[in-house]
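# Structure assessment
The residues making up each chain are set out below.
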Amino acid sequence: MSFFDDIAAGATPSLEEFVTLLAPQFPLLERLAETGQDPAYHAEGDVFVHTGMVLDECYRILDAEARHFEANERLAFVLGALFHDIAKPITTRRQLFDDGERIVAPRHADRGRSRIAPNLLGLDLPHDVVAQVLAIVGHHHDPKRLVRKERPARSYRRLSRLAPLSLLYTFELADMRGRICDDRDAQLELLQFFRLYAEEAGVWETNDPYEGWAEVILEGTGGCDPATQSFILAQALRSVEAGVIATPHEEVARSYVYRDAYPELVLLCGPSGSGKSTWIAQHGNGARLVSLDDLREELTGRRSDQRRNGEVVQLAKERLREGLRAKERTIWDATSLNRELRGNIITLALDYHARVKLVTFLMPEDQLRQRNRDREHHVPEEVLTRQLERFDLPYADEAHEVCCIGVDGETIDIITPV
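First, a word on what this report is: a plain description of the structure on this page. Computed from a prediction, not measured in an experiment: that's the story for all the values here.

Attention now goes to the overall build of the protein. Counting its secondary structure elements, the protein contains 20 helices and 8 strands. Taken over C-alpha atoms, the radius of gyration comes to 23 Å for the protein, in line with the 22 Å a tight globule of 418 residues would show. A total of about 19200 Å² of accessible surface is found on the protein, and carbon and sulfur atoms cover 47% of it. Of the side chains in the protein, 51 bear a positive and 69 a negative charge, and the two mean positions are spaced by 6 Å.

What follows is the structure, encoded as structure tokens:
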């Protein structure tokens, strides 16, 4: 049995063992001990100490068997504890507040999720384990945040699409018990409220928070092809989570505006050399292609010339609009690593009632670097490093469809863990 098989079967390795084994793939693990935390919220000490305490709490929960864990779920639970604060070494800073200076680590959950995703694939873990680990790391602050901000039931529905709520809740119990702070009891109480509100919303333990919605869409759009019906359902989920509608019947009525003819945007996301061009050659099928590299060559004579990027992006947007107005299938070929920037492109497409598919290309870093070196239009190693550092792994609700493509061009389901 492998190291990870042993954990799934009940082994309880120490944090030191994890660091020794996994630091080559996840070098931030070696920086946990040098990363301080605010003593008001983490009096136990640095991030390494806290992570070790959380790991121990996870083992206690698993031993208590208060909740049944399947083997893969157990492995995801333990790895979630290991990686939950992995990005604190690169996000921690001091910030001045009204009551004095504090140590903060903004967006460390989101950054951690994005940082570990490529190399998790290199560990040959089952895809459902990878998906659950990413859900724990990326969303471990959300349960208490929803309660503190008094979010409505639709926010709990949204989160249940992105993470298994009972697993997230159980992990957060370990996270809170694995720290020393004056308000720990109050924080644990927030988690109890989170469970109560999730139960009231009907999404506490469900694989389908929108059970029955697909049937309503199918019945109300019987004359449409399956792809259009899938689009209407995806739009219904976006609309209800935005507070625009409350029932699937409302989206059926709203769909008369766009269902007969609509454009499609396929937005590619991935570092240089991750397989976007190969995918276009195989799946382009005559679609309009808007390539930022091609436009740079058109304007400057060199694909790598970044001096006129502003003009390149504006020209690319205009060509995208042309495709959207013509209700064509248009592929946006760029790295699209930053969530905010690709969100601008998605919003533009949504203004034209487009169906948006976000295709992410993901592979272990060592394989990506080798592929980059072997390709005709390779980028310098330092450029690829910067791309990986600023990569924002998409969430399942960023577009109507979000999929992930692995090393051999196969679709891998690691974005949606339920």
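Turning our attention to the environment of phenylalanine 4. When you line up the elements, phenylalanine 4 lands in helix H1 (residues 3-9). Residue phenylalanine 4 is classed as buried on the basis of its relative accessible area, which comes to 12%. Along the backbone, phenylalanine 4 and leucine 123 are 119 residues apart, and their C-alpha atoms lie at a distance of 9.1 Å. With sequence-adjacent residues up to four places away left out, phenylalanine 4 is seen in contact with Leu22, Leu75, Leu79, Leu123 and Leu125.

Packing of helix H4 (residues 71-83) against helix H7 (residues 127-139) leaves a shortest axis separation of 8 Å and a crossing angle of 40°. Viewed along their axes, H4 and H7 adopt a mutual orientation that is oblique. The chirality of how H4 crosses H7 is right-handed. Residues Asn72, Glu73, Leu75, Ala76, Phe77, Leu79, Gly80 and Phe83 of H4 pack against Asp128, Val129, Gln132, Val133, Ile136 and Val137 of H7. Classifying every residue of the contact of H4 with H7 gives 9 nonpolar, 3 polar and 2 charged.

So, about the sheet that holds strand S8 (residues 411-412). Hydrogen bonds along the backbone pair up the strands of a sheet, which may run parallel or antiparallel. Read across the open sheet, the 6 strands follow the order S4-S5-S3-S6-S7-S8; overall the sheet is mixed. Each having just a single partner strand, strand S4 (288-291) and S8 make up the two edges of the open sheet. Relative to strand S5 (residues 329-333), S4 runs parallel, the two being bridged by 4 bridges. Pairing of leucine 289 across the sheet is with isoleucine 331, part of S5.

What follows concerns the environment of tryptophan 204. Within the element layout of this structure, tryptophan 204 appears in the loop between helix H11 (184-200) and helix H12 (213-220). Separated by 48 residues in the primary sequence, tryptophan 204 and tyrosine 156 place their C-alpha atoms 8.8 Å from one another. Excluding anything up to four places from it in sequence, tryptophan 204 contacts Leu165, Ser166, Tyr169, Phe194, Arg195, Ala198 and Glu199.

Where the residue is not glycine, phi is negative for most of them; where a peptide bond is considered, it is trans in most cases. We note that aspartate 124 has phi near 60°; this positive angle belongs to a residue other than glycine. Relative to the helices and strands, aspartate 124 is located in the loop between helix H6 (108-121) and H7. Owing to a relative accessible area of 69%, aspartate 124 belongs among the exposed residues under this scheme. Positioned with a positive phi, asparagine 285 is a non-glycine residue whose angle comes to about 45°. By secondary structure assignment, the location of asparagine 285 is in the loop between helix H15 (276-283) and S4.

Of all hydrophobic cores here, the largest spans 75 residues; its most connected members are Leu79, Phe83, Leu120 and Trp332. With 8 residues, H4 is the single largest residue contributor to this core. In contact with phenylalanine 83, not counting residues within four places along its chain, are Leu22, Phe26, Leu29, Ile116, Leu120, Val133 and Val137. In terms of nonpolar packing, the next biggest core, distinct from the first, is built from 20 residues, Leu146, Val147, Phe194 and Ala201 among them.

Our focus in this paragraph is the packing of aromatic side chains. Under the definition given, this model contains 14 aromatic pairs. Plain terms: the ring middles of tyrosine 169 and tryptophan 204 are 5.3 Å apart, the flat faces sit at 75° to each other, and that makes the pair edge-to-face. With tyrosine 169 in helix H10 (residues 165-177) and tryptophan 204 in the loop between H11 and H12, this pair connects stretches of sequence that are 35 residues apart. Considered together, tyrosine 169 and tryptophan 204 belong to a single accessibility category, that of buried residues. Ring geometry for tryptophan 279 versus phenylalanine 361: centroids 6.3 Å apart, planes at 80°, classification edge-to-face. In this pair, tryptophan 279 sits in helix H15 while phenylalanine 361 sits in strand S6 (residues 355-361), placing the two residues 82 residues apart along the sequence.

The next thing to look at is a nonpolar patch on the surface. A cluster of nonpolar side chains, namely Phe193, Leu196 and Tyr197, defines an oily patch on the protein surface of about 240 Å² accessible area. By the secondary structure assignment, tyrosine 197 is in helix H11. By relative accessible area, which is 32% here, tyrosine 197 ends up partly exposed.

What counts and how
- Residues numbered from 1 in each chain as written.
- Predicted model: local features only at pLDDT ≥ 70, side-chain atom pairs only at ≥ 80, totals over all residues.
- Heavy atoms only, no water.
- Helix = DSSP H or I, 4+ residues; strand = E, 2+ residues; numbered from the N terminus.
- Rg over C-alpha atoms; globule rule 2.2 N^0.38 Å.
- Areas by Shrake-Rupley, 256 points an atom, 1.4 Å probe, with all protein chains shown as cover.
- Lys, Arg positive; Asp, Glu negative; His and termini not counted.
- Charge placed at Lys NZ, Arg CZ, Asp CG, Glu CD.
- Buried < 20%, exposed > 50% of the residue type's maximum accessible area, 1.4 Å probe, protein only.
- Contact = heavy atoms within 4.5 Å.
- Axes fitted to C-alpha atoms, helices over the stretch in contact; angles between N-to-C directions.
- Parallel < 35°, antiparallel > 145°, perpendicular 65-115°, else oblique.
- Left-handed = near helix turned anticlockwise from the far one by under 90°.
- Nonpolar A, V, L, I, M, F, W, Y, C, P; charged D, E, K, R; others polar.
- Pairing = 2+ DSSP bridges.
- Core = buried A, V, L, I, M, F, W, Y, C linked by side-chain atoms within 4.5 Å.
- Phe/Tyr/Trp six-rings, centres within 6.5 Å; stacked < 30°, edge-to-face > 60°.
- Patch = residues over 30% accessible without salt bridge, like charges linked within 9 Å, V, L, I, M, F, W, Y side chains within 5 Å.
- Salt bridge = Lys/Arg side-chain N within 4 Å of Asp/Glu carboxyl O.

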